[in-house]
Amino acid sequence: MKNVIIACDFENKQELYTFLSHFPSYKPMLKIGMELFYSEGPDLIIALKSEGYPIFLDLKLHDIPNTVQKAMSNLGKLDVDMINCHAAGGIKMMQAAKKGLNDVHSKALLIAVTQLTSIDETELRQELLIEKPMNETIVHYAKNAKIAGLDGVVCSPLESKIIHESCGENFLAITPGIRLEEEQQHDQKRVTTPALAKTLGSDYIVVGRSITQSKDPLKVYLKMMETFL
Ligand SMILES: O=c1ccn([C@@H]2O[C@H](COP(=O)(O)O)[C@@H](O)[C@H]2O)c(=O)[nH]1
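Everything quoted here is computed from the prediction, not taken from an experiment. (Residues numbered from 1 in each chain as written. Predicted model: local features only at pLDDT ≥ 70, side-chain atom pairs only at ≥ 80, totals over all residues. Heavy atoms only, no water.)

Caption draft 1: Broad picture of the pairing of strand S3 (residues 55-61). Burial analysis of S3 places six of its seven residues in the buried class, which makes it a mostly covered element. As judged from the four bridges shared by strand S2 (residues 29-33) and S3, these two strands associate in the parallel manner. Among the inter-strand pairings, Gly33 is bridged to a residue of S3, identified as Asp58. With three bridges joining them, S3 and strand S4 (residues 82-86) adopt parallel strand pairing. In the sheet register, Leu61 faces S4, and the bridge partner there is Cys85. Running through helix H4 (residues 65-76), the crossover from S3 to the neighbouring parallel element S4 is right-handed. (Buried < 20%, exposed > 50% of the residue type's maximum accessible area, 1.4 Å probe, protein only. Helix = DSSP H or I, 4+ residues; strand = E, 2+ residues; numbered from the N terminus. Pairing = 2+ DSSP bridges. Right-handed = clockwise from strand over helix to strand, strands pointing away.)

This is how it looks when you write it as structure tokens:
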């Protein structure tokens, strides 16, 4: 099911609820990441779920398998709809993440981050010392995620097509790195528009600042829904 997920990168719940007041009759899927979760904790997730918001909990777990399994079990109890870990943690770590969710009967989609959309080919090679081209590492990490039993990956929309070609149409491509035409890229490197993300086959687009920093967030959100769905 395709959707536009709003990345709610706010300092605290007051800021979040002020933003949500722009959406009086909508329940968009919300991505809650480290910034909000570390300031508000699990109570915020429980509240948003009880208010009817679908939640992608974006904490990008990356640790030894035992730690990730236990952490996933705790997070899985929050009844979120989507959750993630880093594919760089390896197949055993991703399997442990899956087991942690299964242990608490969580139905959350489990997604692995491949290469952050803020990284480009130069940083990949010169800083991270990964000699393979970006696309090759992303496909390799996605195949590992599939072997581990995950539901899909986080990548840029530029890679959605190769993810589906290599891992199948049902393997999800969740794609941040979305910008409108001629918009500032900020810290993102691998970006495209919602229209191109649709053409390239993204299953979900994750949009933060284009919506959250807009003067009319609802209008931008609805426009993106119309373009992408
Ligand atoms: O590779 C990744 C993984 C996660 N993100 C997250 O998506 C949003 C994007 O926000 P924008 O304001 O639209 O740039 C943000 O919450 C990131 O943590 C990502 O950008 N890239």
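Caption draft 2: Structural view of the nonpolar core. Formed by 61 residues in total, the largest nonpolar core has its most connected members in Ile32 and Leu57. When residues of this core are assigned to their parent elements, the largest contribution, six residues, is made by helix H11 (residues 217-228). Leave out the neighbours within four places in its chain, and Leu57 touches Ile32, Phe37, Ile45, Leu75, Leu78, Val80, Met82, Ile83 and Asn84. Counting 12 residues, the second largest nonpolar core, distinct from the first, contains Ala7, Phe56, Ile111 and Val113. (Core = buried A, V, L, I, M, F, W, Y, C linked by side-chain atoms within 4.5 Å. Contact = heavy atoms within 4.5 Å.)

Caption draft 3: Structural view of the side chain of Thr137. Within the fold, Thr137 resides in helix H7 (residues 134-147). If we ignore the near neighbours within four places in the chain, the residues touching Thr137 are Gln115, Leu124, Ile130 and Lys132.

Caption draft 4: Looking closely at the site of the ligand. Around the ligand there are 15 residues in total, and Asp9, Lys31, Thr117, Gln188 and Arg209 lie nearest to it. A distance of 2.7 Å is found between an oxygen atom of the ligand and a side-chain nitrogen or oxygen belonging to Lys31. Arg179 places a polar side-chain atom, nitrogen or oxygen, 2.9 Å from an oxygen atom of the ligand. The set of elements that each furnish at least two residues to the shell around the ligand consists of S3 and strand S8 (204-207). Of the residues that constitute the shell around the ligand, the class distribution is six nonpolar, three polar and six charged. (Near = heavy atom within 4 Å. Polar contact = N/O pair within 3.5 Å; in protein donor to acceptor, adjacent residues only side chain to side chain. Nonpolar A, V, L, I, M, F, W, Y, C, P; charged D, E, K, R; others polar.)

Caption draft 5: Quick peek at the packing of H7 against helix H8 (residues 160-167). It is the contact of H7 with H8, at a shortest axis distance of 10 Å, that shows an interaxial angle of 45 degrees. It follows from the interaxial angle that H7 and H8 lie oblique. Relative to H8, H7 is oriented so that their crossing is right-handed. On H8, the residues touching Asn135, Ile138, Val139, Ala142, Lys143 and Lys146 of H7 are Ile162, Ile163, Ser166 and Cys167. (Axes fitted to C-alpha atoms, helices over the stretch in contact; angles between N-to-C directions. Parallel < 35°, antiparallel > 145°, perpendicular 65-115°, else oblique. Left-handed = near helix turned anticlockwise from the far one by under 90°.)

Caption draft 6: Here's a closer look at the UniProt feature "domain: Orotidine 5'-phosphate decarboxylase" (unreviewed entry) in the protein chain. Residues annotated in UniProt with the feature "domain: Orotidine 5'-phosphate decarboxylase" (unreviewed entry) correspond here to residues 3-224. Structurally, residues 3-224 is divided into 43% helix and 17% strand, and its ends, taken at the C-alpha atoms, are 10 Å apart. (UniProt positions renumbered as here; feature names shortened; annotations may be inferred.)

Caption draft 7: View of the pattern of salt bridges. Per the stated rule, a full pass over the model turns up 10 salt bridges. Ionic pairing is found between Lys49 and Asp81, a salt bridge with its closest N-O pair at 2.8 Å. With Lys49 in helix H3 (residues 42-50) and Asp81 in the loop between H4 and S4, this residue pair connects regions lying 32 residues apart in the sequence. Judged by its relative accessible area of 28%, Asp81 falls in the partly exposed class. The salt bridge partner of Lys189 is Glu123, with a shortest N-O separation of 2.9 Å. Of this pair, Lys189 sits in the loop between strand S7 (172-175) and helix H9 (194-200) while Glu123 sits in helix H6 (residues 121-126), and the two are 66 residues apart along the sequence. Take Lys189: its relative accessible area is 38%, and that puts it in the partly exposed class. Exposure remark for Glu123: the relative accessible area of 17% places this residue in the buried category. (Salt bridge = Lys/Arg side-chain N within 4 Å of Asp/Glu carboxyl O.)

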